[in-house]
Amino acid sequence: MSTILDGSKLSKTIIKKIKTRVSSLSKQPGLAVILVGLDPASHTYVNLKQKACEEVGIAFKKITYPNSVSEKTIIDKITELNHDKNTHGVLVQLPLPNQNVDLIISHINPKKDVDGFHKDNLQKLRENKPSMAPAVALGIIKLICSSGVDLVNKKAVIVSSKLFAEPIEILLKELKVDSFVINYKEENFAEKIKTADIVITAIGKPGLINESMLKNSSIVIDVGTTKVNGKILGDVVINQDNNNTLFITPVPGGVGPMTVAMLLINVLKAYQLQI
Ligand code: GUN
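Residues numbered from 1 in each chain as written. Predicted model: local features only at pLDDT ≥ 70, side-chain atom pairs only at ≥ 80, totals over all residues. Heavy atoms only, no water.

Asks: So what's going on with the sheet that holds strand S9 (residues 219–222)? Which residues, and what values?
Replies: One open sheet holds the 6 strands; their spatial order is S1-S13-S9-S7-S5-S6, and the pairing between them is parallel. Because the sheet does not close on itself, it has two edges, and the strands there are strand S1 (3–4) and strand S6 (178–182). Note that S1 and strand S13 (residues 247–248) share 2 bridges and pair parallel. Of the residues in S13, the one forming a bridge with Thr3 is Phe247. The sheet strands contacting helix H6 (residues 135–145) are strand S7 (198–201) and S9, and the helix crosses S9 at an angle near 150°. (Pairing = 2+ DSSP bridges. Helix = DSSP H or I, 4+ residues; strand = E, 2+ residues; numbered from the N terminus. Contact = heavy atoms within 4.5 Å. Axes fitted to C-alpha atoms, helices over the stretch in contact; angles between N-to-C directions.)

Asks: Please give an account of the pattern of salt bridges that cites residues and values.
Replies: One pass over the full model with this rule turns up 8 salt bridges. For Asp76, the salt bridge goes to Lys72, with nearest N and O atoms at 2.6 Å. Taken together, the positions of Asp76 and Lys72, both in helix H3 (residues 71–83) and 4 residues apart, correspond to about one turn of that helix. When its relative accessible area of 40% is taken as the criterion, Asp76 is described as partly exposed. (Salt bridge = Lys/Arg side-chain N within 4 Å of Asp/Glu carboxyl O. Buried < 20%, exposed > 50% of the residue type's maximum accessible area, 1.4 Å probe, protein only.)

Asks: Which residues make up the site of the ligand, and what values do they have?
Replies: In the vicinity of the ligand, the residues found are Lys49, Leu91, Val92, Gln93, Leu94, Asp115 and Phe117. Protein chains shield 74% of the accessible area of the ligand, which is 280 Å² for the free molecule. The residue inventory of the shell around the ligand, partitioned by class, reads 4 nonpolar, 1 polar and 2 charged. (Near = heavy atom within 4 Å. Areas by Shrake-Rupley, 256 points an atom, 1.4 Å probe, with all protein chains shown as cover. Nonpolar A, V, L, I, M, F, W, Y, C, P; charged D, E, K, R; others polar.)

Asks: How would you sum up the nonpolar core? Please name residues and give values.
Replies: The biggest cluster of nonpolar side chains holds 54 residues, and the ones touching the most others in it are Leu31, Ile140, Ile144, Leu172, Ile200 and Ile221. For this core, the element with the most residues is helix H9 (residues 255–274), which contributes 11 residues. Excluding anything up to four places from it in sequence, Ile140 contacts Phe164, Ile168, Ile200, Ile221, Val223 and Val255. (Core = buried A, V, L, I, M, F, W, Y, C linked by side-chain atoms within 4.5 Å.)

Asks: Any details on the environment of Lys124? Residues and values, ideally.
Replies: Within the secondary structure, Lys124 sits in helix H5 (residues 119–126). Once you skip the residues sitting within four places of it in the chain, Lys124 turns out to touch Lys129, Pro130 and Ser131.

Asks: I'd like to hear about the sheet that holds strand S3 (residues 59–65), residue by residue, with values.
Replies: Across the sheet, 3 strands lie side by side as S3-S2-S4; this open sheet has parallel pairing. Only two strands of the sheet have a single neighbouring strand rather than two, namely S3 and strand S4 (89–92). Each adjacent strand pair in this sheet contributes to an overall mean axis angle of 15°, direction not counted. Sheet topology note: the strand S2 (residues 30–36)/S3 ladder contains 7 bridges and is parallel. Residue pairing for S3: Leu31 is matched across the bridge by Phe60. On top of the sheet, helix H2 (residues 40–56) reaches S2, S3 and S4; it is set at about 160° to S3, its chief contact.

Asks: Break down the side chain of Asp222 for me, with residues and values.
Replies: Looking at the element boundaries, Asp222 is found in strand S9. Buried charged residue Asp222 carries no salt bridge. Nearest counter-charge: Lys231, at 12 Å. In this structure the side chain of Asp222 is engaged in a polar contact, spanning 2.9 Å, whose partner is the backbone nitrogen of Asp235. In this view, Asp222 contacts Thr201, Gly234, Asp235, Val236, Thr249, Val251 and Val255; residues no more than four positions away in its chain are not counted. (Lys, Arg positive; Asp, Glu negative; His and termini not counted. Polar contact = N/O pair within 3.5 Å; in protein donor to acceptor, adjacent residues only side chain to side chain.)

Here it is, written out as structure tokens:
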């Protein structure tokens, strides 16, 4: 029997606490989101962020642009938001259709960078200094910890890009978990998955990993989201009647809602840095 790491339930508990915290603040925290183009998934994610902000009492501002918007227009808007005393967090929804992501992110005031994507925040994280960590990485760590498993000296593999994995690896190291990034195309992929106590996958290939590939009692964090016939599927396929005692996040209802909850935590952190 597998244990579901229920991100929806855990995020609701966190959101309740955030709501109480927001109501006790002297000023209302604010988040601004820049959304470029018509990508349906990006619009869905931004709507979820808006709904969560409204639920806890964080002021939400959405700035939309067409695909063809210039980098200068976005950067000018970021500069304006950096100076706006009512906006404590600024994020640019990714992916951008054509614009240079690194250039644009570099203009966000690191204190307002609630995505934790600014190079200064990543550098501070590397140096174990207080910083803004990416919400998805924080959400993954909370889900792993919610398993209740003793994590010291456990081994994690992360199936993703190095860029996505780095903040997760840093946070895992703080928990004394050794991790390494693997490529799903490499020869020994299956063997590497089999030896891992924790598997984190963010590829977007339904069925990439199945239960026979996993070590018994491993913790499986599925960040993959692929739309197939109107249904959202993760990278991992598990039979309900399997004999493996896995801890696994569902898709949807695992990492997604936790990422939104941790974004709100980052908005509060940014608020504290600026107040
Ligand atoms: N697109 C997919 N995930 C994210 C995220 O965490 N932040 C932003 N800004 N864009 C995303």
